[in-house]
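# Breakdown of the fold
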Amino acid sequence: MRPGDPSLSPEALAADEHARVSQRVQGFVDDRRARDRVETGRIHPYFSKLRAKLEQQMDAPPLFDMPSLPKQMLYSWADKARRFGATGSPGGSIASGLAPKPGERVAERVRNNPEFNRLRAQAQAGEELQDFAHGVSTMKLVVTLELLQGPDGTLREVKLISRSGNPAYDDYVLLSVPPALAKSPPPPPDAMGVHTDGIRTLWSVEGRVVYVRKLSDMKGTDTAYLAAAAAVGVLAGGFEETTGDVYVIDVRNPHFECRSRLLRVY
């Protein structure tokens, strides 16, 4: 294009290519280190407190036009069928190397003792009901954010890395970040991930519909529902050891729940 331009010489092109590739490789290395810090637990408690502040700020979100209960159940069934086809287990825990669930342990015994069939069916039905009520197998909205903070923890910028497909949910998460970080105390200057030029982290915020409710929040008008659920064998729930709260499945009152997860600390 321009004869005699020194920037087009083979040496200049090679140097430009070397700089570009070196920068890309360094990016891969930095990303792997940032991921390993989180996966191995080598992060400062400040980031755990930051996660708690994010979830506290998103404590009462709307339902975001999520599918109805029948559609959620159909999606859950299809997801279990997909996992069964891929792993041989609806939960995918046997093939993934995780500890088998009680229902799966019973299923192992069924092969040698058909009398366990009824017990196996009851155990696995209860597990599937719990997974569905707690949103494990229902439709989810997931958004990925990159947070850029100053050394003192002040928010500089929020970057939307990946969208959930629901603009209202994306906007809700983005608007929740600034007040959440404003309530978080500043990090210590010597914490891993806190640099003189600032803090860079990557987060995933997952939203899902859950069908559980605190037993203490139920009133006298809920007595008929509790009795009917117990009669058909679907009155299942859980006990929170840290707070002492008892939760039961309540399909009449779905609510949305947001959970944040730290992915990278650069």
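Predicted, not measured: the structure shown is a model, and the values here were computed from it. (Residues numbered from 1 in each chain as written. Predicted model: local features only at pLDDT ≥ 70, side-chain atom pairs only at ≥ 80, totals over all residues. Heavy atoms only, no water.)

## Examining the side chain of Ser184
Here Ser184 is to be found in the loop between helix H7 (167–182) and strand E3 (199–210). In this structure Ser184 touches Tyr46, Leu50 and Lys53, once residues within four positions along its chain are discounted. (Helix = DSSP H or I, 4+ residues; strand = E, 2+ residues; numbered from the N terminus. Contact = heavy atoms within 4.5 Å.)

## Thoughts on the sheet that holds strand E1 (residues 140–149)
Overall, antiparallel pairing links the four strands, which are arranged E2-E1-E3-E7 in an open sheet. On the outer flanks of this sheet lie strand E2 (155–162) and strand E7 (255–265), each paired with one strand and no other. Adjacent strand axes in the sheet meet at a mean angle of 25° when their direction is disregarded. (Pairing = 2+ DSSP bridges. Axes fitted to C-alpha atoms, helices over the stretch in contact; angles between N-to-C directions.)

## Quick word on the packing of aromatic side chains
According to the stated counting rule, one finds five aromatic pairs in the structure shown. Summarising the aromatic geometry, the rings of Phe64 and Tyr169 are spaced 5.4 Å apart at their centres and angled 85° between planes, so their arrangement reads as edge-to-face. Remark: Tyr169 occurs in helix H7 and Phe64 occurs in the loop between helix H2 (45–57) and helix H3 (69–87); sequence separation between them is 105 residues. Phe64 sits in the buried class, given a relative accessible area of 9%. Of the residues examined, Tyr169 reaches a relative accessible area of 0% and is grouped as buried. Grouping aromatic residues by their ring pairs yields a cluster made of Phe64, Tyr169, Tyr172 and Phe256. (Phe/Tyr/Trp six-rings, centres within 6.5 Å; stacked < 30°, edge-to-face > 60°. Buried < 20%, exposed > 50% of the residue type's maximum accessible area, 1.4 Å probe, protein only.)

## Comments concerning the packing of H2 against H7
Packed helices, taken two at a time, are described by the angle between their axes plus the distance between the axes. It is at 9 Å that the axes of H2 and H7 come closest, and there the two elements cross at 125°. By the angle between their axes, H2 is oblique relative to H7. The two elements H2 and H7 cross, and the hand of that crossing is right-handed. Contacts between H2 and H7 pair Leu50, Lys53, Leu54 and Gln57 from the former with Tyr172, Ser176, Val177, Pro179, Ala180 and Leu181 from the latter. A class-by-class count of the residues in the contact of H2 with H7 yields seven nonpolar, two polar and one charged. (Parallel < 35°, antiparallel > 145°, perpendicular 65-115°, else oblique. Left-handed = near helix turned anticlockwise from the far one by under 90°. Nonpolar A, V, L, I, M, F, W, Y, C, P; charged D, E, K, R; others polar.)

## Concerning the nonpolar core
Leu54, Met58, Leu145, Tyr169, Val173, Val205 and Phe256 are the most contacted members of the largest nonpolar core, which totals 34 residues. Considering each element in turn, this core owes the most residues, six residues, to H7. Apart from the residues lying within four places of it in its own chain, the contact partners of Leu54 are Val177, Ala180, Leu181, Trp203 and Ser260. (Core = buried A, V, L, I, M, F, W, Y, C linked by side-chain atoms within 4.5 Å.)

## Things to note about the pairing of E2
Pairing geometry for E1 and E2, over six bridges, is antiparallel. Its bridge partner being in E2, Leu147 is matched across the sheet by Val158. In this structure, the hairpin formed by E1 and E2 is closed by a connection of five residues, where Gly153 is found at a positive phi of approximately 95°.

## A short note on the pattern of salt bridges
Tallied over the entire structure, the rule returns 12 salt bridges. Across the salt bridge formed by Arg208 and Glu206, the nearest N and O atoms sit 3.4 Å from each other. Notably, a salt bridge pairs Glu257 with Arg208, separated by 3.9 Å at the nearest N-O pair. Placement of the pair is Glu257 in strand E7 and Arg208 in strand E3, with a sequence separation of 49 residues. Accessibility expressed as a relative area gives 17% for Arg208, which makes it buried. Ionic contacts of the salt-bridge type, sharing partners, join the residues Arg51, Glu55, Glu206, Arg208, Glu257 and Arg259 into one network. (Salt bridge = Lys/Arg side-chain N within 4 Å of Asp/Glu carboxyl O.)

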